[in-house]
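Tertiary structure, described
Residues per chain, in single letters:
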Amino acid sequence: MPVALTNSTARSAATRAVVAEAARRRTFAIISHPDAGKTTLTEKLLLYGGAIAEAGAVRARRSGRAAVSDWMEMERERGISISSTVLRFEVGDTVFNLLDTPGHRDFSEDTLRVLAAADAAVMLLDAAKGIEEQTLKLFQVAHERRVPLLTFVNKFDRPALEPLELLDEIERELGLRAAPVTWPVGMGTDFEGVVDRRHGVFHRYSRTPGGASEAPEERIALEDAAVQGDGSWAACREELALLDEVDAQLDPDAFLRGEATPVFFGSALSNFGVRLILDALVELAPGPSAWRGADGGERPLDSPFSALVFKLQANVDPRHRDRLSFLRVCSGRFDRGMRVVNARTGRPLALNYAHHVFGQERRTLDVAYPGDVVGLTGLGDLRIGDTLYCDSSVRYPPIPVLAPEHFVRARNRGAARYKQFRRGLAQLDEEGVVQVLRDPQLGDQGPILAGAGPMQFEVAKHRLASEFGAEVSLEEAPYRVARRIRDTDADAVTRSPHADLLLRADGTNVAAFSSDFRLRRFSEEQPDVRLDRFLVR
Ligand code: G4P
């Protein structure tokens, strides 16, 4: 056979393999208000996904024992999750990449970056509370990126809001069309299970001690279950009839556009409805598809390798102090040791040290496909938002950063450690731990640390001291709100009595205001100045 023909046959087999591998991946995140049950649901997905034998391992961190996603000292001390990790598991033919997001609201910037790498997300609600403040904030972030959202209404084993009321709240507060795929039968101690509306099947569950193992499950045709059923069924029958009447069906295209959400009911603690949400991630959630470059052109999955750096994570292992860069593979096949180009710098680099990262565990990773996340070490000059590619060039759009809502001024306490202070700040800014803003007049004398919540500053202070030996004090800064502005509007901000001009290290101009009132006054006086809620890195 001619050599050329052999090569092209091999190439087409390789590209077919990339498309087939991508199709069996589901890369998703979970977003929720703290305490809605994200840790519990994550763990139960791992249980049903066969990645852990018994529930309890992840949640052990609350009691101070070692846990899957315990990385930083501060996390252990406070029992919160600051850094997120990637949880990979396989069910049947599907490879799930669950991109864990931090549990605490102060770290929602991290969630934004994780959502940039996800193809879908599960929005988790507490059935007694509905849409809470942090749900709304994270929803806005997901919606901005048009991430398809599946909704899981959790804790139906406790007194809950009426399911119809919950649907109404989703529609009213989020502007999403809510399409119930399952429907609860009973609630609280009477919660028996859920009806799968698409297949007309009632899933009746039994509780297991502590929900440590899968809940035994009986599947009954809806007609038979409804005839047998008692009190809870009367309400359920009526509600199901009403849903049919108003034609509350899922429009898959609207879901993929981020305009509708399939809704599932259950209890993560008792394992009710967990398998159904896992099945829905396979059936309904999109797999990886072609990504759009900053120039608007699409890069098909079977193009040469390309990937987006969406997260930098230092200090994973305090003994090594190395930095992990997380890549989301967007097209082509990743092979460990491959040489790629960084689109930002134009420089070539070799991807030799590649890992699967699962909590604290790392394993060498040799091959990855679109949708997979690769943890790389030994590459100090990568930045969040960098595109890496092989052969034909591409650059993906930058990952936006939330306009900060909290501000402090950092003072270096030891003059002799000034260099370390500067280096530390630069690194924390690059990693997205905090945003560092400077007054153009003052430069590094008292830079402003800005972010989504004060806990970010504590992490920054802790890391400046422990990793860079720079002790800092944090003082109140006179700002409450900030917006990104165009370079051409910098003068208007400097002249205004209502705003201060601050600069990010990447040159982004930021207008900072001491109150919402000042922000409003500024907008009234300067209607032509565009004020952006998202800063783009
Ligand atoms: P988070 O990560 O979103 O912050 O929530 P997490 O899973 O830690 O759950 C918060 C609390 O809600 C925990 O109780 C957890 O047991 C409980 N929970 C989660 N899912 C369910 C559910 O489906 N039903 C019920 N009834 N409770 C649920 P805790 O008392 O704070 O902790 P623990 O003492 O149980 O560890």
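Nothing here was measured: the structure is a model prediction, and the numbers come from that model. (Residues numbered from 1 in each chain as written. Predicted model: local features only at pLDDT ≥ 70, side-chain atom pairs only at ≥ 80, totals over all residues. Heavy atoms only, no water.)

Focus: the pattern of salt bridges
Under the criterion given, the structure shown has 37 salt bridges. One salt bridge connects K311 with D110, and the closest N-O pair in it is separated by 3.1 Å. Of this pair, K311 sits in strand β14 (residues 306–314) while D110 sits in helix α4 (residues 108–116), placing them 201 residues apart in sequence. Neither residue differs from the other here; K311 and D110 are each classed as buried. (Salt bridge = Lys/Arg side-chain N within 4 Å of Asp/Glu carboxyl O. Helix = DSSP H or I, 4+ residues; strand = E, 2+ residues; numbered from the N terminus. Buried < 20%, exposed > 50% of the residue type's maximum accessible area, 1.4 Å probe, protein only.)

Details of the side chain of S306
Relative to the helices and strands, S306 resides in strand β14. Within the structure, the side chain of S306 is placed 2.7 Å from the side chain of S331, a separation counted as a polar contact. Once you skip the residues sitting within four places of it in the chain, S306 turns out to touch R299, R328, V329, C330, S331, L388, Y389, V394 and Y396. (Polar contact = N/O pair within 3.5 Å; in protein donor to acceptor, adjacent residues only side chain to side chain. Contact = heavy atoms within 4.5 Å.)

Focus on helix α5 (residues 133–144)
Between its first and last C-alpha, α5 extends 17 Å over 12 residues, near the 16 Å set by a 1.5 Å rise per residue. Buried within α5 we find Q134, T135, K137, L138, F139, V141 and A142. Elements that come into contact with the buried residues of α5 comprise β1 (25–32), α4, β4 (120–126), β5 (149–154), α6 (163–174) and β24 (400–402). Just past α5, the residue R146 takes up positive phi, approximately 55°. (Expected span 1.5 Å × (residues − 1).)

Here's the deal with the pairing of strand β31 (residues 509–513)
In terms of residue burial, β31 counts as a mostly covered element, since five of its five residues are buried. Side chains N509, A511 and F513 of β31 all project onto a buried face; the interleaved residues V510 and A512 project onto the opposite face, where all are buried too. The pairing of strand β29 (residues 481–485) with β31 spans five bridges and is antiparallel. Looking across to β31, one finds that A482 is bridged to A512. (Pairing = 2+ DSSP bridges.)

Things to note about the environment of D244
When you line up the elements, D244 lands in helix α8 (residues 231–245). Residues D244 and R197, 47 residues apart in the sequence, show an inter-C-alpha distance of 9.5 Å. With residues near it in sequence (within four places) discarded, D244 still touches R197 and Q249. Within the structure, the side chain of D244 is placed 3.2 Å from the side chain of R197, a separation counted as a polar contact.

Some details on unusual backbone geometry
Phi at R146 takes a positive value of approximately 55°, unusual for a residue other than glycine. As for its placement among the helices and strands, R146 is situated in the loop between α5 and β5. A positive phi angle is found at D391, which is not glycine, with a value near 60°. With respect to the helices, strands and loops of the structure, D391 is situated in the loop between β23 (387–389) and β24.

Some thoughts on the sheet that holds strand β30 (residues 499–504)
Read across the open sheet, the seven strands follow the order β28-β25-β27-β26-β30-β31-β29; overall the sheet is antiparallel. The two strands at the open ends of the sheet, each matched to only one other strand, are β28 (472–476) and β29. Put simply, the sheet's adjacent strands are angled 40° from each other on average, direction ignored. The pairing of strand β25 (residues 406–412) with strand β27 (residues 448–451) spans four bridges and is classified as antiparallel. Bridging from a neighbouring strand, V408 pairs with L449 of β27. Helix α11 (residues 418–431) contacts β25, β26 (435–438), β27 and β28 of the sheet and is inclined by roughly 155° relative to β25. (Axes fitted to C-alpha atoms, helices over the stretch in contact; angles between N-to-C directions.)

A short note on the pairing of strand β7 (residues 182–185)
On a regular strand, one side chain projects to one face of the sheet and the next to the other, so that they alternate. The two faces of β7 match: T182 and P184 on one face and W183 and V185 on the other face are all buried. Judged from the four bridges that link them, β7 and strand β8 (residues 193–196) form a sheet pairing that is antiparallel. Bridge pairing in β8 links P184 to V194.

Section: the nonpolar core
Looking at soluble globular proteins, one finds that nonpolar side chains tend to be buried together. Ranked by size, the top nonpolar core spans 115 residues in total, and within it L45, F305, F334 and L351 carry the most contacts. Ignoring sequence-local partners within four residues, the contact set of L45 consists of F28, I30, F89, L98, V274, I277 and L278. Counting residues in hydrophobic clusters, the runner-up holds 18 residues, among them L428, V433, M455 and F468. (Core = buried A, V, L, I, M, F, W, Y, C linked by side-chain atoms within 4.5 Å.)

Focus on the packing of aromatic side chains
This structure, assessed with the given rule, holds 14 aromatic pairs. An angle of 70° between the planes, with centres 5.2 Å apart, marks the rings of W183 and F265 as edge-to-face. Residue W183 is located in strand β7, and its partner F265 is located in strand β11 (residues 260–265); the two are separated by 82 residues in the primary sequence. Across the pair, exposure class does not vary: W183 and F265 are buried alike. Each ring, one from W291 and one from Y396, has its centre 5.4 Å from the other, and the planes form 80°; the classification is edge-to-face. Linking W291 in strand β12 (residues 291–292) with Y396 in the loop between β23 and β24, this pair joins segments that are 105 residues apart in sequence. By relative accessible area, which is 14% here, W291 ends up buried. Taken together, the ring pairs in this structure connect F156, W183, F191, Y205, F265 and F272 into an aromatic cluster. (Phe/Tyr/Trp six-rings, centres within 6.5 Å; stacked < 30°, edge-to-face > 60°.)

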